Amino acid sequence: MKKIAVMGFGVVGSGVVELCDKNKESICGRAGDEIVVKYILDLRDFPDSPYADRVIHDFDTILKDPEVEIVAEVMGGLEPAFSYSKALLCAGKSVVTSNKELVAQKGAELLALAHEHGVNYLFEASVGGGIPIIRPLHMCLAANQIDEIAGILNGTTNFILTKMIRESMSFSDALALAQKLGYAEKDPTADVEGQDACRKICILASLAYGKHVYPQEVHTEGITKVTLEDVQYAEDWGGVIKLIGRAKRLESGKLMVMVSPALISHESQLSTVDDVFNGILVRADATGDVVFYGKGAGKLPTASAVMGDIIDCAKAQGTIESLRWTDSQADTVGNYEDYPAGVYVRCRGVHAKETAVSCFGNIRTLHRGGEHDDEFAFVTEEMTERRIAAARRQMQSDGVEVLSCIRTLDY
Ligand SMILES: NC(=O)C1=CN([C@@H]2O[C@H](COP(=O)(O)OP(=O)(O)OC[C@H]3O[C@@H](n4cnc5c(N)ncnc54)[C@H](OP(=O)(O)O)[C@@H]3O)[C@@H](O)[C@H]2O)C=CC1
Ligand SMILES: N[C@@H](CC=O)C(=O)O
């Protein structure tokens, strides 16, 4: 019998405990042993829960209990999650987590500690909720060079954008609904400002390219400036707006890593990824494109990924060596101003069209229903981010107000 502990009895933690009970027999068969939740660590008591008798408040009870071999850290945040995870790994216990903030910031260090102590630090649930993506990257695709990764990595923002596009729901109503459904982070700023997607693309890039990519190195934009007008112009262009995280190895050896909203063509598989679903495209040299799709947030999808890791820990003979990357120098990621993109621009001002042509060169005009004489929208050809920024500044100084500027990407 394998005794485990769950730290954090919130959305994900309660899902883990429930799933462990619900699918007890098949989990036992696959793990080769019975898996029993001995402790649930949380700040609060849960007197109405059927698991109330297992709730504890003292971390040391888990740390010092030799019967506990595997711990699920599903509390979130950097501290005390980092100190607890370190102490557990040093005590020879495997740790599994859904905490992408911690993995993105301290992954290299925690993986090295796990290796040093012959145990595992697994984090399938940290990217894509219930979608298997970590294991496929370091196991099934291990023979490939990964050319590029691009994906819709945040369920909350994809849910909000879908509600805005399909139901003309306001941003704030859609966010409130995502929170109610348990999709959003404790502080939803991390979702809507892109930091959550940034943490996830950092984890994928670290795994794919072998060096730790830190969130603070990555240019990140969220969806808070996307308007219903932008959504309508995107439709005329032939696509939809999605929050995209992308990573690519450049010829210079540096990595291009970035998070931003983007217009994606209706022909792209990513354009049909709606609601809380995530879609992750991995472009590899032997396989070509592989797309991973499924629910990117929520109680049971995420619990499924956490339980998968618990089962792997129960079966593992020592550390799984393919799941590892090294700590990196600060210059792993290239300057985002050198990255190429086309842009969609919505602006207002006299002679807006002439100014747009003189600042951006070749453009294609876009339209939306109704009369909007005071507004002009267009898409440009591909150019560097530096040139886009200079052209925007020039438009502003020529008296044309830029209302929106969103990249167009070709995936
Ligand atoms: N929700 C989702 O769909 C997904 C979440 N994740 C990640 O999983 C993690 C957990 O998310 P989620 O379950 O939604 O969050 P919740 O806020 O629902 O759950 C976290 C739980 O941990 C408790 N907790 C916080 N700090 C401590 C502490 N120091 N000691 C003991 N318990 C503590 C919280 O208590 P209290 O409420 O009193 O603060 C809460 O009950 C986060 O890292 C999140 O990013 C990953 C994928 C999907
Ligand atoms: N807040 C996150 C939860 C899962 O990682 C999201 O919405 O994707």
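This structure is a prediction, so every number in the text was calculated from the model and none was measured.

Tallying secondary structure elements over the protein gives 14 helices and 17 strands in all. In terms of overall dimensions, the protein is globule-like: its C-alpha atoms have a radius of gyration of 23 Å, near the 22 Å expected for 411 residues. Oriented by its inertia axes, the alpha-carbon framework of the protein measures out at about 75 × 50 × 35 Å. Burial analysis of the protein (411 residues in total) assigns 48% to the buried set.

Bringing the UniProt feature "binding site: NADPH" (unreviewed entry) in the protein into the picture now. UniProt records the feature "binding site: NADPH" (unreviewed entry) for Lys-100 in the present numbering. Along the chain, the position of Lys-100 falls in helix H5 (residues 100-116). Taking the C-beta count within 10 Å as the criterion, Lys-100 has 27 such neighbours and is therefore assigned buried. Excluding anything up to four places from it in sequence, Lys-100 contacts Ser-126, Val-127, Asp-196, Arg-199, Lys-200 and Ile-203.

In this section: the sheet that holds strand E6 (residues 121-122). Taken together, six strands build an open sheet; the order of strands is E3-E2-E1-E4-E5-E6 and the sheet is parallel. Each edge of the open sheet carries a strand with a single partner, namely strand E3 (55-56) and E6. Here five bridges tie strand E1 (residues 2-7) to strand E4 (residues 68-73), and the two strands are oriented parallel to one another. Each residue of the ladder has a partner; that of Lys-3, found in E4, is Val-68. Packing against the sheet, helix H1 (residues 11-22) makes contact with E1, strand E2 (35-41) and E4, and its axis sits at approximately 155° to E2.

Here we take up the site of ligand 1. As a structural note, the neighbourhood of ligand 1 is formed by 27 residues, with Gly-8, Gly-10, Gly-76, Ser-98 and Ala-297 the closest of them. Looking at the shell around ligand 1, the element that brings in the most residues is H1, giving three residues. A per-class count over the shell around ligand 1 returns 12 nonpolar, 10 polar and five charged. Two domains share the shell around ligand 1, each providing at least three of its residues, namely domain 1 (2-132 + 300-315) and domain 2 (143-294).

Turning to the environment of Val-96, a few remarks are in order. Following the sequence through the fold, Val-96 ends up in strand E5 (residues 94-97). Classification of Val-96 by C-beta neighbours within 10 Å gives buried; the count is 29. Put simply, Val-96 and Leu-161 are 65 residues apart on the chain and 31 Å apart in space, counted from C-alpha to C-alpha. Non-local contacts of Val-96, meaning those with residues more than four positions away in its chain, are made with Ile-70, Ala-72, Leu-122, Val-306, Asp-309, Ile-310 and Cys-313.

This next bit is on the UniProt feature "binding site: NADP(+)" (unreviewed entry) in the protein. On the UniProt side, "binding site: NADP(+)" (unreviewed entry) is annotated at positions that read Met-7, Gly-8, Phe-9, Gly-10, Val-11, Val-12, Gly-13 and Ser-14 here. With 23 C-beta atoms packed within 10 Å, Phe-9 lands in the buried category. Positionally, Ser-14 belongs in helix H1. A tally of 22 C-beta atoms within 10 Å means that Ser-14 is categorised as buried.

Below, the discussion takes up the nonpolar core. Ranked by internal contacts, the top residues of the largest apolar core, which has 129 residues, are Ala-205, Val-306 and Ile-310. Here this core takes 10 residues from helix H10 (residues 195-209), the largest share from any one element.

Looking at chain direction, strand E10 (residues 255-265) and strand E17 (residues 401-409) are connected through three bridges and run parallel. Residue Ile-264 lies in a different strand from E17, and its bridge partner there is Leu-409. In terms of strand pairing, strand E13 (residues 340-348) meets E17 through seven bridges, oriented antiparallel. In the strand pairing of E17, Arg-348 is matched with Glu-401.

Many structure descriptions define interface size as the accessible area lost when the parts assemble. Domains assigned within the protein are domain 1 (2-132 + 300-315), domain 2 (143-294) and domain 3 (336-409). Relative to domain 3, the C-alpha centre of domain 1 lies at a distance of 48 Å.

A few words on the pairing of strand E7 (residues 146-152). The element E7 is extensively covered by neighbouring structure, given that five of its seven residues are classed as buried. Pairing between E7 and strand E11 (residues 277-284): six bridges, direction antiparallel. Bridge pairing links Ile-146 to Ala-284 in E11.

So, how was this worked out
Residues numbered from 1 in each chain as written. Chains lettered and ligands numbered in written order. Predicted model: local features only at pLDDT ≥ 70, side-chain atom pairs only at ≥ 80, totals over all residues. Helix = DSSP H or I, 4+ residues; strand = E, 2+ residues; numbered from the N terminus. Rg over C-alpha atoms; globule rule 2.2 N^0.38 Å. Buried ≥ 20, exposed ≤ 12 C-beta atoms within 10 Å, placed from the backbone. UniProt positions renumbered as here; feature names shortened; annotations may be inferred. Contact = placed C-beta atoms within 7 Å. Pairing = 2+ DSSP bridges. Axes fitted to C-alpha atoms, helices over the stretch in contact; angles between N-to-C directions. Near = placed C-beta within 6 Å. Nonpolar A, V, L, I, M, F, W, Y, C, P; charged D, E, K, R; others polar. Domains from an automatic or database assignment. Core = buried A, V, L, I, M, F, W, Y, C linked by C-beta atoms within 7 Å.

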